[in-house]
Amino acid sequence: MKLVVNNREVAIDADPAMPLLWALRDVIGLTGTKFGCGAAQCGACTVHLDGQAVRSCITPISEAEGKNLTTIEAATDGTDRVGAAVHAAWLKHDVAQCGYCQSGQIMSAIAFLKSQPRGKPPTTAEIDAAMDGNICRCGTYARIRAAIADAARTIA
C-alpha cells in the first residue's frame, strides 16, 4: 500500500486495517502523533487527512490510501502559514505543560482555523466547539483558547 505522508509517498507493508497511528509511529517512524486512549475520545492522535482532522487511533491505513496525510511534523515545520501561526501562538502563550496532548491539540486547531472564513475571527464558543474532544489533563484550556484566537488574528 502507498500513502502520501507529509507530501512524501511512502510504501507500507501492513494490514490495511492497521490504525494510522501505529503505521505512523511504528512503521514510518513519525512519533509526534501520540497514543492517548485508543478510542478517539482524547484527540492526542489527531492528524489531517485531506485537510480534515481525524483520529488516527481508529482510522485504518486503508482509509488514507489516495489521500494526503499530514502529521504534526509537517504541520509545524514552518512551511504552512496557518501551522506556523498556531505553533508560534502556542509558544507565545506557553500552552504546553506536560505536552503530551499538544500535537493533537495543534492539529485540531490548524484544521479549525483553515476551515474559517478569511478575516472572520472565531468566537470563544466556536473555538470551544472546534476543540471539543481534545482533552488536556493539565487543564491548559484557557491558554489553548488564547493561542487559537491569537493565531487567527495573525492569519487574518
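Computed from a prediction, not measured in an experiment: that's the story for all the values here. (Residues numbered from 1 in each chain as written. Predicted model: local features only at pLDDT ≥ 70, side-chain atom pairs only at ≥ 80, totals over all residues. Heavy atoms only, no water.)

Chemist: Can you help me understand the pattern of salt bridges in this one?
Modeler: Within the structure shown, the criterion is met by six salt bridges. For Lys-114, the salt bridge identified is with Asp-80, shortest N-O distance 2.6 Å. A residue pair is termed long-range when its members are at least 10 positions apart, and Lys-114 in helix 5 (residues 102-115) and Asp-80 in the loop between helix 3 (72-75) and helix 4 (81-92) qualify at 34 residues. A single salt-bridge network, built from bridges that share partners, covers Lys-92, Asp-150 and Arg-153. (Salt bridge = Lys/Arg side-chain N within 4 Å of Asp/Glu carboxyl O. Helix = DSSP H or I, 4+ residues; strand = E, 2+ residues; numbered from the N terminus.)

Chemist: Would you mind going over the pairing of strand 1 (residues 2-5) with me for this structure?
Modeler: It is a general feature of regular strands that their side chains alternate between the two faces of the sheet. Here strand 1 shows a buried face lined by Leu-3 and Val-5 and an unburied face lined by Lys-2 and Val-4. Bridge analysis of strand 1 against strand 2 (residues 8-11) gives four bridges, and the strand direction is antiparallel. Paired with Leu-3 across the strands is Val-10, a residue of strand 2. Relative to strand 5 (residues 68-70), strand 1 runs parallel, the two being bridged by two bridges. By the bridge assignment for strand 5, Val-5 is matched with Leu-69. (Buried < 20%, exposed > 50% of the residue type's maximum accessible area, 1.4 Å probe, protein only. Pairing = 2+ DSSP bridges.)

Chemist: It is not clear to me how the environment of Ala-11 should be interpreted in this structure. Could you clarify?
Modeler: With respect to the helices, strands and loops of the structure, Ala-11 is situated in strand 2. For the pair Ala-11 and Val-27, spaced 16 residues apart in sequence, the C-alpha separation works out to 9.9 Å. The contact partners of Ala-11, leaving out residues within four places of it in the chain, are Met-1 and Lys-2. (Contact = heavy atoms within 4.5 Å.)

Chemist: Would you take a moment to explain the packing of helix 4 against helix 5 for this structure?
Modeler: In a pair of packed helices, the angle between the axes and the distance between the axes together describe the arrangement. Where helix 4 meets helix 5, the axes come as close as 9 Å, and the angle between the chain directions of the two elements is 130°. Between helix 4 and helix 5, the crossing angle belongs to the class labelled oblique. Relative to helix 5, the crossing made by helix 4 is right-handed. Mapping the contact onto sequence places Val-82, Gly-83, Val-86 and Trp-90 in helix 4 and Gln-102, Gln-105, Ile-106, Ala-109, Ile-110, Leu-113 and Lys-114 in helix 5. Its residues placed into classes, the contact of helix 4 with helix 5 shows seven nonpolar, three polar and one charged. (Axes fitted to C-alpha atoms, helices over the stretch in contact; angles between N-to-C directions. Parallel < 35°, antiparallel > 145°, perpendicular 65-115°, else oblique. Left-handed = near helix turned anticlockwise from the far one by under 90°. Nonpolar A, V, L, I, M, F, W, Y, C, P; charged D, E, K, R; others polar.)

Chemist: Before we go on, may I ask you to explain the nonpolar core in this structure?
Modeler: The nonpolar side chains of a soluble globular protein tend to be buried, and buried together. One finds Val-86, Trp-90, Leu-113, Ile-144 and Ile-148 to be the most contacted residues of the largest nonpolar core, which totals 24 residues. Those elements giving two or more residues to this core turn out to be helix 3, helix 4, helix 5, helix 6 (124-131) and helix 7 (141-155). With residues up to four places along the chain from it excluded, the contact list for Val-86 reads Ile-106, Ala-109, Ile-110, Leu-113 and Ala-151. By size, the runner-up hydrophobic cluster in this structure holds 14 residues, among which are Leu-3, Leu-30, Ile-61 and Ala-64. (Core = buried A, V, L, I, M, F, W, Y, C linked by side-chain atoms within 4.5 Å.)

Chemist: Mind showing me how you'd approach the packing of helix 4 against helix 7 here?
Modeler: Contact pair helix 4 / helix 7: the axes reach a minimum separation of 8 Å and the direction vectors enclose 135°. In terms of their interaxial angle, helix 4 and helix 7 are classed as oblique. Judged by the sense of rotation from one axis to the other, the crossing of helix 4 with helix 7 is right-handed. Here helix 4 contributes Arg-81, Val-82, Ala-85, Val-86, Ala-89, Trp-90 and Lys-92 to the contact with helix 7, which in turn contributes Ile-144, Ala-147, Ile-148, Asp-150, Ala-151, Thr-154 and Ile-155. Considering only residue class, the contact of helix 4 with helix 7 consists of ten nonpolar, one polar and three charged.

Chemist: Sorry, what's going on with the packing of aromatic side chains here?
Modeler: Two aromatic rings are characterised by how far apart their centres lie and by the angle between their planes. Under the defined criterion, the tally for this structure stands at one aromatic pair. Where Trp-22 meets Phe-35, the ring centres are 5.3 Å apart and the plane angle is 35°; that geometry is what we call tilted. With Trp-22 in helix 1 (residues 20-28) and Phe-35 in the loop between helix 1 and strand 3 (46-49), this pair connects stretches of sequence that are 13 residues apart. Looking at Trp-22, the relative accessible area reads 29%, which means it is partly exposed. For Phe-35, a relative accessible area of 33% gives the class partly exposed. (Phe/Tyr/Trp six-rings, centres within 6.5 Å; stacked < 30°, edge-to-face > 60°.)

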